[in-house]
Amino acid sequence: MARGAIAAALVLGAIGGEPSCHLTDSSCSLEQLPRDVSTLIYPGGATRCIFSDSPEYGFQVIPGSSEKLLLFFQGGGACFNDVSSREADSAPCLSHLVLQPLFGIFNREKVSNPFRDYTIVHVNYCSGDLHVGNVLRWYLDRQLQRVEQRGYVNALAGVKWARKNVGQLSSLIVAGSSTGALGAQLWMETILQTFSYQAAALLMDSDMAILPSRTEGPLLKGFGACDTGLFESDAKQKCAAGELTIQAVLEQTMARHKEVTMAAISSLQDRMQVRFYNAVCMAEMLPADLTPYDFERKLMTRLEGYNRYPNFVTYLVPGDRNYFLPLEAFFGEAALPQWLSTLPELAGQQISSFCSGKCGTLSSKSFMLTSHPVNQKGELPKESAPSGEAKLIQVPELSRLPWWSSWCFPGSQISKQLQCKPLLQRG
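Just so you know, the residues in each chain are numbered from 1, in the order the chain's sequence is written. Under the rules for a predicted model, residues below a pLDDT of 70 receive no local features and side-chain atom pairs below 80 are neither given nor counted, while totals for whole chains, interfaces and linings still include all residues. No hydrogens and no water enter the side-chain calculation; it runs on all heavy atoms of the structure.

Draft legend 1. Here's a closer look at the overall build of the chain. Only DSSP runs of H or I with at least four residues qualify as helices, and only runs of E with at least two residues qualify as strands; both kinds are numbered from the N terminus onward. Along the chain, the regular secondary structure elements total nine helices and 18 strands. Residue burial is assigned from relative accessible area. The probe radius is 1.4 Å, only protein chains are included, and a residue is buried under 20% of its type maximum, exposed over 50%, and partly exposed in between. Per-residue burial for the chain yields a buried fraction of 57% across its 427 residues. Contacts were defined at the residue level, with two residues in contact if any of their heavy atoms lie within 4.5 Å. Within the chain, contacts between residues at least 6 apart in sequence are counted, and of these 73% link residues at least 24 apart. Just so you have it, the chain exposes about 17300 Å², and 52% of that area is on carbon and sulfur atoms. Accessible areas in this description were obtained via Shrake-Rupley with a 1.4 Å probe; residue shielding takes into account the shown protein chains only.

Below is the structure:
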């Protein structure tokens, strides 16, 4: 069927026969979409994947109850400098759409899935910027076009669709796995201020922003996140100064929304978090020698810090696994579906942290909701023009460097030593 032939009709998508709908042709309303089936919605406009030759951007919707909404941020690495963004095939971030199959919490048939009747908006990820990017980079992709990271605009399209298609919610879940967990943390405050809900929860699966010190600020600033509207006053100023951390953003959200459960799910020695930590170290010319045991200590320190917030709970298991929620193995983790079935709590309900191993004070934590959240449906941030980095004059011939090379990594000390300025005209 040709696009636009029947404006309100669904067409067969180009990716594996996935049903799809184009917002340029139709409202793609919740009522139009087949229930319990994943439909790929193409929002058009300024949405896009990271490279100029990447396919068109879209997000997935799995219709269910209009009173229950799960906003899920997909994971898929990060591309934060020119070398990590040079080769689409070897880049450490997804550069094209990868559809989420109906596995794990997306499975509509498993009775043990606590979210099987939710309307799910799956915010697909192909921008390499933690879902918060809005920047036109100075460096080029393999098509000799400037790399553009628009993850904020992509996510905003999915959140806008959800806001338009649901009303008062009995249950709001915001979740993400791996890099998507970071996106969920960074978007949570905005989402809570945007939707009307009776109960809400944040699920952070397999990424608690365990990164080398003084690297998060430059990353967020480099992604162009500061001017997106996700951050208010002090946080925005810190972001512009390259000093904002994901930890600070999450702590502010936990403190403001005491009736919203904030739940972290992780293995104690998550192999992907260890690899990403060491990759950032190499990009900053720091020793890349974090071991799984070092990571476990850092993770426990971070979680114990969060544990002082009454509404924070954890689900911890031994091992090095990364990802729990979007995989069919989710049901093999016997206690996890049952643990999640209590979320989000209603007044008088309680959830307790779960730890399979030695977790100290974390394992004895419980949170009981005493009153319903008080929230007012606000406005979403607006789309804005991407912040532009330095204008490219010429690109030197480079040997095939590993993606974590620190060559001209924004904010790194080594970039000054490599004398990048002659390559650029500061605009």
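Draft legend 2. Fine view of the packing of aromatic side chains. Only Phe, Tyr and Trp rings are paired, with Trp represented by its six-membered ring, and only when their centres lie within 6.5 Å; those with planes under 30 degrees apart are stacked, over 60 edge-to-face, the remainder tilted. Within this structure, the stated rule accounts for eleven aromatic pairs. With centroids separated by 5.3 Å and ring planes inclined at 85 degrees, the aromatic side chains of phenylalanine 115 and tyrosine 118 adopt a geometry described as edge-to-face. A relative accessible area of 0% places phenylalanine 115 in the buried class. Residue classification places tyrosine 118 among the buried positions, given a relative accessible area of 4%. Taken together, the ring pairs in this structure connect Phe73, Tyr152 and Trp187 into an aromatic cluster.

Draft legend 3. Representation of helix H5 (residues 246-256). If you check which residues of H5 are buried, you get Ile246, Val249, Leu250, Glu251, Thr253 and Met254. Contacts made by the buried residues of H5 are with helix H2 (179-194), strand S10 (200-205), helix H3 (216-222), strand S11 (261-267), helix H7 (292-306) and strand S12 (312-317).

Draft legend 4. Quick peek at the side chain of glutamine 60. Relative to the elements of secondary structure, glutamine 60 occurs in strand S4 (residues 59-62). Judged by relative accessible area, which is 1%, glutamine 60 ranks as buried. A polar side-chain atom of glutamine 60 sits 2.8 Å from the main-chain amide nitrogen of glutamine 100. At 3.1 Å, the side chain of glutamine 60 forms a polar contact with the side chain of asparagine 124. Here a polar contact is recorded for every N or O atom pair within 3.5 Å, except that within protein the pair must consist of a potential hydrogen donor and a potential acceptor, and residues adjacent in sequence are included only if both atoms are side-chain atoms.

Draft legend 5. Spatial organisation of the state of the cysteines. Cysteine sulfurs are considered disulfide-paired once they come within 2.5 Å of each other. Enumeration over the complete set of coordinates arrives at four disulfides. Two residues, cysteine 79 and cysteine 93, share a disulfide whose sulfurs are 2.1 Å apart. On the S-S bond that ties cysteine 79 to cysteine 93, the torsion sits near -95 degrees, and the link is left-handed. In this pair, cysteine 79 sits in the loop between strand S5 (65-73) and strand S6 (118-123) while cysteine 93 sits in the loop between S5 and S6, placing the two residues 14 residues apart along the sequence. For cysteine 79, a relative accessible area of 0% translates into the label buried.

Draft legend 6. Summary view of the pattern of salt bridges. Should a side-chain nitrogen of Lys or Arg be within 4 Å of a carboxyl oxygen of Asp or Glu, the pair is scored as a salt bridge. On inspection of all chains with the given rule, the structure shows eleven salt bridges. Between aspartate 53 and arginine 142 there is a salt bridge whose closest N-O contact spans 3.3 Å. One end of the pair, aspartate 53, is in the loop between strand S3 (39-42) and S4; the other, arginine 142, is in the loop between strand S7 (135-140) and strand S8 (146-149), and 89 residues separate them in sequence. Classification of aspartate 53 as partly exposed rests on a relative accessible area of 34%. We classify arginine 142 as partly exposed; its relative accessible area is 41%. A salt bridge links aspartate 320 to arginine 271; the nearest nitrogen and oxygen atoms lie 3.4 Å apart. You can see aspartate 320 sitting in the loop between S12 and helix H8 (335-340) and its partner arginine 271 sitting in helix H6 (residues 271-283), a full 49 residues away along the chain. A relative accessible area of 39% means that aspartate 320 is categorised as partly exposed. Ionic contacts of the salt-bridge type, sharing partners, join the residues Arg48, Glu148 and Arg150 into one network.

Draft legend 7. Region of the structure containing unusual backbone geometry. Residue leucine 343 is joined to proline 344 through a cis peptide bond whose omega torsion reads -15 degrees. Tracing the backbone shows proline 344 in the loop between H8 and strand S13 (350-352). For cysteine 28, which is not a glycine, the phi torsion comes out positive at approximately 50 degrees. Structurally, cysteine 28 is set in the loop between strand S2 (19-22) and S3. In this structure, serine 206 takes a positive phi of about 70 degrees despite not being glycine. Inspection of the secondary structure puts serine 206 in the loop between S10 and H3. Under the relative-accessibility criterion, serine 206 is labelled buried at 0%.

Draft legend 8. Quick peek at the nonpolar core. Here, nonpolar core refers to any group of buried Ala, Val, Leu, Ile, Met, Phe, Trp, Tyr and Cys residues whose side-chain atoms link them within 4.5 Å. If you look at the biggest cluster of nonpolar residues, it comprises 88 residues, and the most contacted ones within it are Trp161, Leu172, Trp187 and Phe195. In contact with tryptophan 161, not counting residues within four places along its chain, are Leu23, Ser27, Cys28, Ser29, Leu30, Leu33, Ile41, Phe59, Val61 and Val121. Leu203, Val313, Phe324 and Phe331 belong to the second-largest nonpolar core, a separate cluster that totals 28 residues.

Draft legend 9. Region of the structure containing the side chain of asparagine 107. Along the polypeptide, asparagine 107 turns up in the loop between S5 and S6. On the basis of relative accessible area, asparagine 107 is assigned to the buried category, the value being 9%. In terms of polar contacts, asparagine 107 uses its side chain to reach the backbone amide nitrogen of lysine 110, at 2.9 Å. For asparagine 107, the contacting residues outside a window of four places in its chain are Leu102, Asn113, Arg116, Glu328 and Phe331.

Draft legend 10. Region of the structure containing the environment of glycine 217. Counting through the fold element by element, glycine 217 comes out in helix H3. Residues within four places of glycine 217 in sequence aside, it is in contact with Gly242, Glu243 and Leu244.

Function-wise, these values are silent; they only describe arrangement.
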